[in-house]
Amino acid sequence: MDVFPELSLAEAEREIDAHIFSRSPEADHEAKLLRVTQALSLLGDPHRELDIVHVTGTNGKTSTSRMMESLLRAHGLRTGLYTSPHLTTLRERIMIDGAPLAQEDLIRLWQRVAPVIHAVDQASQHRGGPRMSFFEVLTVLGFVAYADAEVDVLVLEVGIGGLRDATNVADGRVAVLTPMALDHDKYFTGGLPGIAHEKSGIIKPGATVVSALQRDEASQVIVAAAAARGASVFWEGAHLSVESRRVVPSGQVVSLRTAARNYRDVFVPLHGEFQAQNALIALAACETFLGAGVPRGLHLPAVARGFAGATSPGRLEVVSAEPTVIVDAAHNPHGIAALADTLRESFAFDRTYGVVAVLADKDAEGILTGLSGIIDEVVITQTRSHRAADAEVLAARARVVFGEHRVRVAATVPDAIQLATRLAEDADGEAGVLVAGSITLVAEARRHLQETHLPRTVDAAMVAAAGEHADAAGGADDAVGAGDAGEPGNVPA
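Cut-offs and rules
- Residues numbered from 1 in each chain as written.
- Predicted model: local features only at pLDDT ≥ 70, side-chain atom pairs only at ≥ 80, totals over all residues.
- Heavy atoms only, no water.
- Phe/Tyr/Trp six-rings, centres within 6.5 Å; stacked < 30°, edge-to-face > 60°.
- Buried < 20%, exposed > 50% of the residue type's maximum accessible area, 1.4 Å probe, protein only.
- Lys NZ or Arg CZ within 6 Å of the ring centre and 35° of its normal.
- Helix = DSSP H or I, 4+ residues; strand = E, 2+ residues; numbered from the N terminus.
- Pairing = 2+ DSSP bridges.
- Axes fitted to C-alpha atoms, helices over the stretch in contact; angles between N-to-C directions.
- Parallel < 35°, antiparallel > 145°, perpendicular 65-115°, else oblique.
- Left-handed = near helix turned anticlockwise from the far one by under 90°.
- Contact = heavy atoms within 4.5 Å.
- Nonpolar A, V, L, I, M, F, W, Y, C, P; charged D, E, K, R; others polar.

Participant: How should I be thinking about the packing of aromatic side chains in this particular structure?
Facilitator: To describe a pair of aromatic rings, you give the distance between the ring centres and the angle between the ring planes. All told, the structure shown has three aromatic pairs when counted by the stated rule. Note on F347 and F349: the rings are 5.8 Å apart at their centroids and 20° apart in plane angle, and the pair reads as stacked. Take F347 and F349: they sit in the same class, and that class is buried. Cation over ring: R261 sits above Y263, and NZ or CZ is 5.5 Å from the ring centre.

Written out as structure tokens, the structure reads:
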């Protein structure tokens, strides 16, 4: 590529990555939409070419988005998926047809975007403002990439909030609201109603909203926002529900009721009641998108393939065996509570050893308290993030929650994992290791374990193949109207 004539593709990617992440995090939230709008205008407004499902919430955004993308792709659409953060490469944030943006495309598109970013930086600094933040730059790059790829649908996850988020320059004709809870105290004001007000900002005039079950304070704000914008709302509980679920070794089998139909015995290769809820919201949102605002029952073999192919890296993910090591990106009390329930339900460990690190701006006491009931001993550490809480300070808090004898400290994430796995190997009975408390912790842990252990991830190929076989065998399961009981999905033995 001309812009990096002396570099390999990998070296060029590292240069781009280093430039983007040298930029400061978002700070002046009121002005970022102006900068993103200016940059996109100079690039021909690529976001206006895209058909968008916009996703926000406090927990479950990424898993829901990933399941939605997989379902839409299984129905024959060319898909874009924008999520954050990434665990291995920046290109994971900009997915096209289920794969990270190709290195060649990243470098080619960066040549188009970089001069515009520079121009907007200069204009902002001339006004006394900052350069574009790394998330603003990534959002602009993502819109350019999706328009360039001519995707049929973009599943667009917000970075934080909604109303003032960089992604909110775009208009989603479907707005998806996952469960809302207290988080990011420095960003939101007004408690849960303030959070709901911010997140309801993605609801655009005439859009259709699909919402998970919310607390009353949040649902009242959502109802008012939707009414003011002439948007219709489909609610978990009133219009859709998880009718049943049963745990299987590689995930769960669920029966889901939507506004369009019932879907019986569908395999979801993800653990936990919260993932069944995420699957429900993802399915209902796909029905709404494909039905142009009116939920449309979907083709059952395609639904089976879409769910079977869904992954959620870093969300209750088994990444190593002997001993079993599970990583989970839960980083607030609400997420930790869901993790605790799922760990008890899906993994029968006699003893569990934890590796915990948190970011300094998170609710450390709430996270530690939530983990104390499921972890027998905890190894406190800190990640390389500049936002990481100091390990010794966090360990002092952990001793108050866990007690002195249940807390150990390790200086680095690899050291912590090595200590926890050694403890698990030496334990009597079945022992496992749980890594949780920070997304940056999960990223570092996954990299270390992939370098030192054989990865152990869910393989849904058998179920996907079964779905393809059923699809080829006959079209009797074509989508039908509301109230149809549906047929059993393809369930692994």
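Participant: For this particular structure, what's the right way to read the pairing of strand 17 (residues 431-436)?
Facilitator: A regular strand carries its side chains on alternate faces of the sheet. Counting buried residues in strand 17 gives six out of six residues, a clear majority hidden from the surface. What you see with strand 17 is no split at all: A431, V433 and V435 on one side and G432, L434 and A436 on the other are buried throughout. Pairing geometry for strand 14 (residues 351-356) and strand 17, over six bridges, is parallel. Bridge pairing links T352 to G432 in strand 17.

Participant: What exactly am I supposed to notice about the packing of helix 3 (residues 61-74) against helix 9 (residues 300-308) here?
Facilitator: Pairs of packed helices are described in terms of their axes, by the angle between the two and the distance that separates them. Running from N to C, helix 3 and helix 9 cross one another at 140°; their axes reach a closest spacing of 8 Å. It follows that helix 3 is oblique to helix 9 by the angle criterion. As for how helix 3 packs across helix 9, the hand of that crossing is right-handed. Counted together, M67, S70, L71 and A74 of helix 3 and A302, V303, R305, G306 and F307 of helix 9 form the full contact between these two elements. Tallied by class, the residues present in the contact of helix 3 with helix 9 amount to six nonpolar, two polar and one charged.

Participant: Can you walk me through the environment of A39 in this structure?
Facilitator: Relative to the helices and strands, A39 resides in helix 2 (residues 29-42). Remark: the alpha-carbon pair of A39 and L141, spanning 102 residues in sequence, is separated by 9.9 Å. Those residues in contact with A39 that sit more than four places away from it in its chain are V116, V120, M132 and V140.

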